[in-house]
Amino acid sequence: MQDFSAAFGLAFSLIIGADADLIEIIALSLRVSISAVLLSGLIGFPLGALIAVTRFPGRQVAAVLLNALMGLPPVVVGLLVYMAISRAGPLGWMNLLYSPAAMIIAQTILVTPIIAALTRQVVEDMHKEYDEQFRSLCIAPHRVIAALIWDSRYSLLTVTLAGFGRAIAEVGAVIIVGGNIDHLTRVMTTAIALETSKGDLALALALGIILLILALSVNAAVYGLRSSARRLAYA
Amino acid sequence: MPASLLLPLEVDDLCYRIGPDLLLDKVSVAIENTGISVIMGPNGAGKSLFLRLIHGLLEPSAGEIRWAGRSLGPDTRRRQALVFQKPVLMRRSVAANIDFVLKPQGGRYRQRRDEVLHEAGLYRLRNQAARLLSGGEQQRLALARALATNPDVLLLDEPCASIDSAATLRIENLLRQTRERGVKIILVTHDTGQARRLADDMLFMHNGRLLEHGPAAEFFAAPSSEQARAFLDGKIVI
Ligand SMILES: Nc1ncnc2c1ncn2[C@@H]1O[C@H](COP(=O)(O)OP(=O)(O)O)[C@@H](O)[C@H]1O
Ligand SMILES: [Mg+2]
């Protein structure tokens, strides 16, 4: 018990003192996960919207597949990316293994299906509402998709948040392709795992607390944005 | 009054069925190129289906539809605008709803947008969220957006069904101005008063069939079908 309270005390002093190692780890975590979420949005929004509005054979299958991919186990993604980018792999020549870029790739693969699948649901509902009006106005398909994405922007913010939550919290993929190398690829989750196993609870706790605060404040910000959107009947 | 280039509208033996139900039964009509044609009839008569069919949003089960001799397609639809009974407004400001249809036309769309909003009496509300407007204002915005596309033909599905009489009056005035500009208007309503105020010619539908078509004065003076007579007398028509 004494250990625990000592650990808590140390954790807070690390946070309040803005410990350099701590800051470095947090900054890398944010950089990797935000990059991955941005890339996933770039792919996932248009992909989800496209599946929502186009009628093609196998569309149901695509939707089910996308939903299934939302639950991809991070370690499996990590393993597959590892095989692709390790020296013997097809992308070995790019020298990506154990780099932040590798972690971004792995998290992008993890998050894109989440964003695409949730986007499909959101956009499909709105498409039902707008479809006849758009057909009446003879709106070109690419404008239909852009308009649907823009008009569901507040719902898609929540979708993005779900993706970010997944990225920032996962360990399995980043530890395999990043290697948890100090000052290079160490992020919050891998550091927590390592420090806990070493028995250094203070740093692990400090990171855990930051991770929680981060999740809470991002959620609060999105909640605030969404309720102001609802007041404007934009959501 | 200038004449619309897309007219006349010729409909031959138009049928529409869903499963076993014959919802439109051999509707044939020719609609001329000026003025306001009003389609009246009780609920479920097939008025909305007819409007969607002639606009090209639904495929006929049988029969033919021609605008100025041409069959339906994106070309004809692009020159028409349909205002739906329940306005579909985008989750944007009033001005952005107009911009959405003006942008593809290119050029200085802001000026045109402001004109359109002034005309509809919505300029003062231009920065408001479209979906927070009152029912009458929403209908006016939907109408303004339709007019912004510069249609040759304006189709309206009960635009005043759920708004009060002052708001109705404003819409009717807008429609009269539009008629003076030479836009052909086909208006669905089940409000006899509105039909009397606006119609140049009258169509009366009942049970998926077109029972009457003729000049408004004649129709109101002496409707030839029993159903239309009962409808005008305010009786419940089934
Ligand atoms: N998608 C649909 N599926 C089945 N029945 C429909 C559909 N759309 C319209 N109907 C039926 O067709 C008839 C005519 O509908 P409608 O054109 O909307 O009537 P109204 O004259 O009131 O506008 C109604 O009996 C309606 O129930
Ligand atoms: Mg109707």
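Residue indices follow the written sequence of each chain, beginning from 1 at its first position. Lettering of chains starts at A and numbering of ligands starts at 1, both following the order in which they are written. Local features in this predicted model are restricted to residues whose pLDDT is 70 or higher, and side-chain atom pairs enter the listing and the counts only when it is 80 or higher, whereas totals over whole chains, interfaces and linings include all residues. To get the side-chain values, take all heavy atoms of the structure and skip hydrogens and water.

Student: Is there a simple way to explain the overall build of chain A in this structure?
Tutor: In terms of helices and strands, chain A carries 10 helices and zero strands. A run of H or I in DSSP becomes a helix once it reaches four residues, and a run of E becomes a strand once it reaches two; helices and strands are each numbered from the N terminus. The order of helices and strands in chain A, counted from the N terminus, is α-α-α-α-α-α-α-α-α-α. If you line up chain A on its principal axes, its C-alpha atoms span 70 × 50 × 25 Å. Buried means the residue's accessible area, taken with a 1.4 Å probe over protein chains only, is under 20% of the maximum for its type, while exposed means over 50%, and partly exposed covers the values in between. The proportion of buried residues among the 235 residues of chain A is 46%. In what follows, residue pairs with any heavy atoms lying within 4.5 Å of each other are defined as contacts. Within chain A, counting contacts between residues at least 6 apart in sequence, those at least 24 apart form 76% of the total.

Student: When you look at the sheet that holds strand S1 (residues 9–18) of chain B in this model, what are you seeing that I'm missing?
Tutor: For sheets, the rule is that strands pair by backbone hydrogen bonds, running either parallel or antiparallel. Residues and elements named next belong to chain B. Spatially, the four strands line up as an open sheet ordered S2-S1-S4-S5, and their pairing is antiparallel. Two strands in the sheet have a free side with no partner beyond their single neighbour: strand S2 (21–31) and strand S5 (70–71). Two strands qualify as a pair provided DSSP detects at least 2 bridges between them. Where strand S4 (residues 62–67) and S5 come together, two bridges link them in antiparallel fashion. The partner of Arg66 across the bridge, within S5, is Ser71.

Student: Help me out: how do you make sense of the interface of chain B and chain A in this one?
Tutor: How large an interface is tends to be reported as the accessible area lost when its parts come together. The interface is formed by 24 residues belonging to chain B together with 21 residues belonging to chain A. In total, chain B and chain A occlude about 2,100 Å² of area from one another, counting both sides; carbon and sulfur atoms represent 54% of this. The salt bridge definition used is simple: a Lys or Arg side-chain nitrogen within 4 Å of an Asp or Glu carboxyl oxygen. One can count four salt bridges joining chain B with chain A. Pairs of N or O atoms within 3.5 Å make up the polar contacts considered here, provided that, within protein, one atom can donate a hydrogen while the other can accept it, and that residues adjacent in sequence are counted only when both atoms are side-chain atoms. Scanning the region where chain B abuts chain A turns up 13 residue pairs in polar contact (both at pLDDT 80 or more). Looking at the side of chain B that touches chain A, the elements with two or more residues in it are helix H1 (47–55), helix H2 (74–78) and helix H3 (94–102) of chain B. The element that contributes the greatest number of residues to the side of chain B that touches chain A is H2(B), accounting for three residues. Using a 1.4 Å probe, buried area is obtained as the accessible area two parts lose upon being combined, added over both of them.

Student: Which parts of the structure should I look at to understand the sheet that holds strand S8 (residues 184–188) of chain B?
Tutor: All names here are of chain B. Spatial strand order, S6-S7-S8-S3-S9-S10: six strands in an open sheet with mixed pairing. With partners counted over all chains shown, the strands left at the sheet margins are strand S6 (80–83) and strand S10 (209–215), one partner each. Taken pair by pair, the neighbouring strands of this sheet meet at an average axis angle of 15°, ignoring direction. When strand S3 (residues 36–40) meets strand S9 (residues 201–206), the two strands line up parallel, connected through four bridges. Looking at the pairing, Ser37 lines up with Asp201 of S9. Packing of helix H5 (residues 135–148) onto the sheet brings it into contact with S6 and strand S7 (153–157), and relative to S6 it is tilted by some 170°. Axes here refer to lines fitted to C-alpha atoms; in helices the fit is confined to the stretch in contact. Angles between the N-to-C directions go from 0 to 180 degrees.

Student: Help me understand the packing of aromatic side chains, please; the structure alone is not making it clear to me.
Tutor: How two aromatic rings sit relative to each other is set out by the distance from centre to centre and by the angle between their planes. Residues and elements named next belong to chain B. Each Phe, Tyr or Trp ring, with Trp reduced to its six-membered ring, pairs with another whose centre is within 6.5 Å; inter-plane angles below 30 degrees give stacked pairs, above 60 give edge-to-face pairs, and intermediate values give tilted ones. Inspection of the entire model under this criterion finds five aromatic pairs over all chains. Taken together, the aromatic side chains of Phe204, Phe219, Phe220 and Phe231 make up a single cluster linked through ring pairs. Cation over ring: Arg126 sits above Tyr123, and NZ or CZ is 4.1 Å from the ring centre. For a lysine, the NZ atom is tested; for an arginine, the CZ atom; a charge sits over a ring if that atom is within 6 Å of the ring centre and within 35 degrees of the ring normal.

Student: Which parts of the structure should I look at to understand unusual backbone geometry?
Tutor: If a residue is not glycine, its phi is most likely negative; likewise, a peptide bond is most likely trans. With omega at 5°, the peptide bond leading from Leu7(B) into Pro8(B) counts as cis. Along the polypeptide, Pro8(B) turns up in the segment before S1. At Asn180(A), a position not held by glycine, the phi torsion is positive, near 55°. Its location among the elements puts Asn180(A) in the loop between helix H8 (172–178) and helix H9 (188–198).

Student: Got a minute to help me understand the packing of helix H7 (residues 153–169) of chain A against helix H10 (residues 201–231) of chain A in this structure?
Tutor: Residues and elements named next belong to chain A. Their axes nearest at 10 Å, the elements H7 and H10 cross at an angle of 175°. Comparing their axes, H10 and H7 come out roughly antiparallel. Taken together, the residues of H10 that come into contact with H7 (itself represented by Tyr154, Ser155, Leu157, Thr158, Leu161, Phe164 and Ile168) are Leu211, Leu214, Val218, Asn219, Val222, Leu225, Arg226 and Ala229. Split into classes, the residues belonging to the contact of H7 with H10 amount to 11 nonpolar, three polar and one charged. Angle categories are assigned with fixed cut-offs, so that under 35 degrees is roughly parallel, over 145 is roughly antiparallel, 65 to 115 is roughly perpendicular, and the rest are oblique. Charged residues are taken to be Asp, Glu, Lys and Arg, nonpolar residues to be Ala, Val, Leu, Ile, Met, Phe, Trp, Tyr, Cys and Pro, and polar residues to be all remaining types, Gly included.

Student: Is there a simple way to think about the side chain of Gln194(B) in this case?
Tutor: Residues and elements named next belong to chain B. With respect to the helices and strands, Gln194 occurs in helix H7 (residues 192–198). The class for Gln194 is buried, based on a relative accessible area of 1%. Separated by 3.0 Å, the side chains of Gln194 and Glu172 make a polar contact. With sequence-adjacent residues up to four places away left out, Gln194 is seen in contact with Cys160, Thr168, Glu172, Leu187 and Thr189.

Student: For this particular structure, what's the right way to read the nonpolar core?
Tutor: As a rule of thumb, nonpolar side chains are buried together in soluble globular proteins. Definition used in this section: a nonpolar core is a set of buried Ala, Val, Leu, Ile, Met, Phe, Trp, Tyr and Cys residues joined via side-chain atoms within 4.5 Å. Grouped together as the largest cluster of nonpolar side chains are 89 residues, with contacts concentrated most on Phe134(A), Met188(A), Leu141(B), Leu143(B), Leu154(B), Leu175(B) and Met202(B). The dominant element in this core, judged by the number of residues it contributes, is helix H2 (residues 20–53) of chain A, at eight residues. If near-sequence neighbours (up to four positions away) are discounted, Phe134(A) is found in contact with Ile139(A), Val144(A), Ala147(A), Leu148(A), Met90(B) and Phe100(B). Formed by 28 residues, the second largest nonpolar core is a distinct cluster that contains Leu7(B), Tyr16(B), Ala45(B) and Val153(B).

Keep in mind these values describe shape, not function.
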